[in-house]
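Working through the structure, step by step
Spelled out, the chains give:
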Amino acid sequence: MSTRGALRLGILISGRGSNMATIAQQCRAGRLGAEVALVISDQPAAAGLETARGLGLATRAIPWPGAARRSEFEREAAAALDAAGVELIVLAGFMRILSGPFVTARAGRILNIHPSLLPKFPGLHTHRRVLEAGERSHGATVHYVTPELDGGPRLLQSRIAVRAGESEESLSARVQATEHIIYPKVIGWRAEGRLQWREERPWLDGAPLLTPVVEEFDA
Ligand code: GRF
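Residues numbered from 1 in each chain as written. Predicted model: local features only at pLDDT ≥ 70, side-chain atom pairs only at ≥ 80, totals over all residues. Heavy atoms only, no water.

**Some details on the site of the ligand**
Note the following rule: Throughout, the term near means that a residue has one or more heavy atoms lying within 4 Å of the molecule or strand in question. Side-chain atoms alone can form a polar contact between residues adjacent in sequence; in general such a contact is a pair of N or O atoms within 3.5 Å, and within protein one must be able to donate a hydrogen while the other accepts it. Exposure was quantified through the Shrake-Rupley algorithm and a 1.4 Å probe, taking into account, for residues, occlusion by the shown protein chains and nothing else. Each cavity reported here is a set of points on a 1 Å grid over the protein atoms alone in which a 1.4 Å probe fits but cannot get out, each pocket an open set with protein on both sides within 12 Å along at least five of seven lines, and each lining residue one with an atom within 4 Å of a point. Pocket occupancy is defined atom-wise: a molecule lies in a cavity or pocket when more than half of its atoms are within 2 Å of its grid points. Helix and strand assignments come from DSSP, with helices taken as H or I runs of at least 4 residues and strands as E runs of at least 2, each series counted from the N terminus. Only Asp, Glu, Lys and Arg are considered charged, only Ala, Val, Leu, Ile, Met, Phe, Trp, Tyr, Cys and Pro nonpolar, and every remaining residue, Gly among them, polar. Delimitation of the domains relies on an automatic or database domain assignment.
In the neighbourhood of the ligand, the contacting residues comprise Arg16, Gly17, Ser18, Asn19, Gly93, Ile113, His114, Pro115, Gln176 and Glu179. Within the contact set of the ligand, an oxygen atom lies 2.9 Å away from a backbone nitrogen or oxygen of Asn19. In this structure, an oxygen atom belonging to the ligand sits 3.0 Å away from a side-chain N or O atom of Gln176. In the complex, the protein chains occlude 85% of the 370 Å² of accessible area that the ligand would expose alone. Most atoms of the ligand, that is more than half of them, are within 2 Å of grid points of the largest pocket. When contributions to the shell around the ligand are tallied by element, the ones reaching two or more residues are α1 (18–28), β5 (110–114) and α6 (168–192). Of the residues contributing to the shell around the ligand, the split by class is 2 nonpolar, 6 polar and 2 charged. Viewed by domain, the shell around the ligand spans two of them, domain 1 (1–106) and domain 2 (113–140 + 152–219), each represented by three or more residues.

Right under this line is the structure:
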């Protein structure tokens, strides 16, 4: 595996792939010290796969065989990621849950982005739930993946104010715009060696990162 060159990323998607595309474009522009070695989708028809091909990226569709046969998917994905020399796995709208053994074997080597200010609102339909709960602020979280769903150490969060009368669609679009800023940023930290995984936790700039960095948007 390359340690001197660009950090090799393997991006897992299930859908549109807008985070994947943003990360790939920033890699290509030389802004992150990273390169996309492979894009994998569990959905062969995912729009993001087409986008990735359009960007000239190596892609691989591994159809989801059902939760009961998750290990088959994981074996195939692991083989493809290893063959591509992937050093960091980036989950970007990947709508499947990876098994504890898969994740544990790659501790500190899998990132995810989740559309809420974790630990608030893990799981699905976050924007709707945020509106229903009358929250005043919302955002997205980049975190390391552990066997606990949406529960791994949080690294960077974007925070926005929820506007009066805001729709789920508007909130989703505003959060997603911030995702396209914070996800590449964390990958850049990792590629520069500022972000490390030591003693089973994240370190940023030489100190344990106990609480996530928070960036405010459109105050
Ligand atoms: C993002 O909102 C991300 O937070 C969530 O899934 C969505 C993926 O969007 N995990 P895209 O496929 O990157 O456009």
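There is more to say after this.
**Side note on the pattern of salt bridges**
Quick reminder of the rule: When a carboxyl oxygen of Asp or Glu is within 4 Å of a side-chain nitrogen of Lys or Arg, the pair counts as a salt bridge. Here the term buried applies to any residue with accessible area under 20% of the maximum for its type, exposed to any over 50%, and partly exposed to those in between, with areas from a 1.4 Å probe on protein chains only.
Applying the stated criterion across every chain, the model contains 13 salt bridges. Notably, a salt bridge pairs Asp218 with Arg174, separated by 2.8 Å at the nearest N-O pair. Here Asp218 is found in the segment after β11 (213–216), whereas its partner Arg174 is found in helix α6, with 44 residues between them in sequence. The class for Asp218 is partly exposed, based on a relative accessible area of 41%. Arg174 sits in the buried class, given a relative accessible area of 13%. Look at the salt bridges and you will find they share partners, linking Arg163, Glu166, Arg174 and Asp218 into a network.

**Some points on the sheet that holds strand β4 (residues 88–91)**
Condition: When DSSP locates at least two bridges between a pair of strands, those strands are taken to pair. Every axis in this analysis is a line fitted to C-alpha atoms, fitted for helices over the stretch in contact. Angles between the N-to-C directions lie between 0 and 180 degrees.
Spatially, the 8 strands line up as an open sheet ordered β3-β2-β1-β4-β5-β6-β7-β11, and their pairing is mixed. The open sheet has two edge strands, β3 (59–61) and β11, and neither has a second partner. Strand-to-strand twist across the sheet, computed as the mean angle between neighbouring axes with direction ignored, equals 20°. Here β5 runs beside strand β6 (residues 137–144); their pairing, made up of 4 bridges, is antiparallel. Bridging from a neighbouring strand, His114 pairs with Thr141 of β6.

**A look at the layout of surface pockets**
What counts, and what does not: Grid points are joined across faces, edges and corners, and a volume is the space filled by probe spheres set on the points.
By volume, the largest pocket amounts to about 940 Å³. Taken together, 37 residues form the lining of the largest pocket, with Gly93, Phe94, Met95, Ile113 and Pro115 sitting closest to its centre. Secondary structure elements with two or more residues in the lining of the largest pocket: α1, β5, α5 (126–132) and α6. Ranked by residue count, the leading element in the lining of the largest pocket is α6, at 4 residues. Taken together, the residues of the lining of the largest pocket break down into 13 nonpolar, 17 polar and 7 charged. Both of domain 1 (1–106) and domain 2 (113–140 + 152–219) provide at least three residues apiece to the lining of the largest pocket.

Keep in mind these values describe shape, not function.
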